[in-house]
Amino acid sequence: MEGAFKPSDSISRAELKAGAARDRWLNTHLGLNTSNVSHIGTHRVLIWHDERMDGHLSFMLYPVVATLVAGFRNALGWQIRAGVGRSMRLSHELSELRSGDLFIWVGPFTLATRPNMPFRRLRARGVRTVLYSTEPRRWCPYRTKLVDEVWDFGWAGLEGCMTSCQQRFPLPFNGTRHATFECIGGVQRDSPMLTLRFIPPGYLPPPPGPAPTAVHTTRLAVGTGSACARLRFLGAIDQRDRLQPGQARTLCFDKLRAVLHDRLVQTYDAWEDEPLAEILRTDHFYLNLHKGCEAAGRSPVTFRVPRILSMPGGRIVLSERCHPFDEAEFNGTVRFMPQEAIPTAFDRLCHSEDEWRAEARRAHEVFRERFEPRHLFKEAGIYRLLEHLVARGSIL
């Protein structure tokens, strides 16, 4: 069948099993129907990403997928399908797509370029293809025949695409969150036009879990000493990184730890709803630290930050410098500063509980309003895209 996807022979049983388990998890959380439902009279958007053997990728990417699903739910006449893993279910879903439908692959470009991913065949059938890029980068590998659009959660990636395509548009796109331009130079495209859109993970209700118990309430109400007991980093710190060039985050973490000592803690094993919810209910201060720990400040805000800022009552996020336009997007929700200033900022905030609690509440309210998925979609021009696809499909 044209456009069908065939799982690669290189996929192990463990990968298939992990993908199937997370596929059920994702659709349960999103409240989506995975049965074979006809979409006659409607258009379909299919959102998909890969999975690792450990099953962690779905949990990491959930803020992205949930934001996309929430945004599409505000579009009339569109049926939303989502899934995980390179499976026969993906093959069936791809075969059901037709002209005017939308396919979004969420993940690194390297996974999207695997030979068995049928982007070219989908485009030939009139399906609009999108790559939601999930890895920070300084260049754009999309001058190919693979996709019609690139969506990104950070401005550095979009800036890299424009530079690679020999474009010099002022960012952010003359005050908008999307741009379509001719991508010249490099690999020849069958269509030279490329559309870029800025779509960060947005505000979402906290992950499902039990309501805070009396123990949680007491712990949060103890006072400044308890609430400021630690600054928590949610991410990987690998001891082997100290020996590998380019893996600077561990070294930067060590520098902060030398000043903050046991007040700086790290967590990388909260890969289910309740363990993460327990941390977010308990701790109030969080650290955003880039993989490369770049002093130049060109990296985006990570996927975990929206989960933190979505917590009721608000949380404080201290971050090393990011891309200037990302800092502008998160202004009022995240404190950006040079890495060496983070310990002092943490100490100063802890001296006034009333001040930091008020700041945390403001950050939550600003994030909830500015990063509401429908607002993000409108700013990125996605609803206009959907109107265009519906109109195009109706005359074909």
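Because the structure is predicted, anything quoted here is derived from the model rather than measured. (Residues numbered from 1 in each chain as written. Predicted model: local features only at pLDDT ≥ 70, side-chain atom pairs only at ≥ 80, totals over all residues. Heavy atoms only, no water.)

### Overview of the overall build of the protein chain
Defined as follows: Helix and strand definitions follow DSSP, with helices as H or I runs of at least four residues and strands as E runs of at least two, each counted in order from the N terminus. Burial classification: accessible surface area is computed with a 1.4 Å probe over protein chains only, and a residue below 20% of its type maximum counts as buried, one above 50% as exposed, and the rest as partly exposed. Contacts are assigned to residue pairs with any non-hydrogen atoms lying within 4.5 Å of each other. Here the Shrake-Rupley method, with its probe set to 1.4 Å, supplies the accessible areas, and only the displayed protein chains count as covering residues.
On a plain count of helices and strands, the protein chain comes out with 16 helices and 12 strands. Looking at the protein chain residue by residue over its 396 residues, the buried ones come to 55%. Taking all contacts inside the protein chain whose residues are at least 6 apart in sequence as the whole, residues at least 24 apart take part in 74%. Of the roughly 17500 Å² of accessible surface on the protein chain, a fraction of 55% belongs to carbon and sulfur atoms.

### What about the pattern of salt bridges?
Put simply, the rule reads: For this analysis, a salt bridge means a side-chain nitrogen from Lys or Arg found within 4 Å of a carboxyl oxygen belonging to Asp or Glu.
Summed over the entire model, instances satisfying the criterion amount to 22 salt bridges. For Glu-359, the salt bridge is made with Arg-335, and the minimal N-O distance between the two is 2.8 Å. Pair noted here: Glu-359 is in helix 14 (residues 353–370) and Arg-335 is in strand 12 (residues 335–337), with a separation of 24 residues, a long-range link. Within this structure, Asp-23, Arg-44, Arg-81, Arg-89 and Glu-93 form a network of salt bridges that share partners.

### Overview of the nonpolar core
Spelled out, the test is: To define a nonpolar core, start from buried Ala, Val, Leu, Ile, Met, Phe, Trp, Tyr and Cys residues and group those joined through side-chain atoms within 4.5 Å.
If you look at the biggest cluster of nonpolar residues, it comprises 59 residues, and the most contacted ones within it are Ile-47, Leu-68, Phe-72, Ile-104 and Trp-151. At 10 residues, helix 2 (residues 57–72) tops the list of elements feeding residues into this core. Those residues within four positions of Leu-68 in sequence are excluded, and the remaining contacts are Ile-47, Ile-104, Val-106, Tyr-132, Trp-151, Ile-199 and Phe-377. Ranked by size, the runner-up nonpolar core spans 27 residues in total, among them Leu-94, Met-162, Ala-179 and Phe-181.

### Observations regarding the side chain of Glu-359
The exposure class assigned to Glu-359 is buried, which follows from its relative accessible area of 15%. Residues in contact with Glu-359, not counting those within four places in the same chain, are Ile-316, Arg-335 and Leu-349.

### Quick word on the pairing of strand 1 (residues 43–49)
Worth spelling out the cut-off: For two strands to count as paired, DSSP must find a minimum of two bridges between them.
The buried fraction of strand 1 is high, at seven of seven residues. The pairing of strand 1 with strand 2 (residues 78–84) spans seven bridges and is parallel. When the bridges of strand 2 are listed, Trp-48 appears paired with Gly-83. Pairing geometry for strand 1 and strand 3 (residues 102–106), over five bridges, is parallel. Paired with Leu-46 across the strands is Phe-103, a residue of strand 3.

### Concerning the sheet that holds strand 8 (residues 231–234)
Rules: Comment: axis = line fitted to C-alpha atoms, over the contacting stretch for helices; angle = value between 0 and 180 degrees taken between N-to-C directions.
Read from one edge of the open sheet, five strands run 9-8-10-11-12, paired in parallel fashion. Taken across any chain shown, the strands that pair with only one partner, and hence form the sheet edges, are strand 9 (264–267) and strand 12. Ignoring which end each strand starts from, the neighbouring axes of this sheet average 30° apart. Along the sheet, helix 9 (residues 249–260) makes contact with strand 8, strand 9 and strand 10 (285–288), crossing strand 9 at roughly 145°. Relative to the sheet, helix 13 (residues 342–350) contacts strand 8, strand 10, strand 11 (316–320) and strand 12, its axis offset from that of strand 11 by approximately 160°.

### Digging into empty space enclosed by the protein
Applicable threshold: Buriedness of a pocket was judged along seven lines, with at least five required to meet protein on both sides within 12 Å; pockets are open sets of points on a 1 Å grid over the protein atoms alone, cavities are sets where a 1.4 Å probe fits but cannot get out, and lining residues have an atom within 4 Å of a point. Grid points are joined across faces, edges and corners, and a volume is the space filled by probe spheres set on the points.
The full count for this structure, using the stated rule, is four cavities of 30 Å³ or more. The computed volume of the largest cavity comes to approximately 180 Å³. As for the largest cavity, its lining consists of 15 residues, of which Phe-59, Ala-270, Trp-271, Leu-276 and Arg-304 are closest to the centre. For the lining of the largest cavity, the secondary structure elements donating two or more residues are helix 2, helix 10 (273–282) and helix 11 (304–309). Considering each element in turn, the lining of the largest cavity owes the most residues, three residues, to helix 2.

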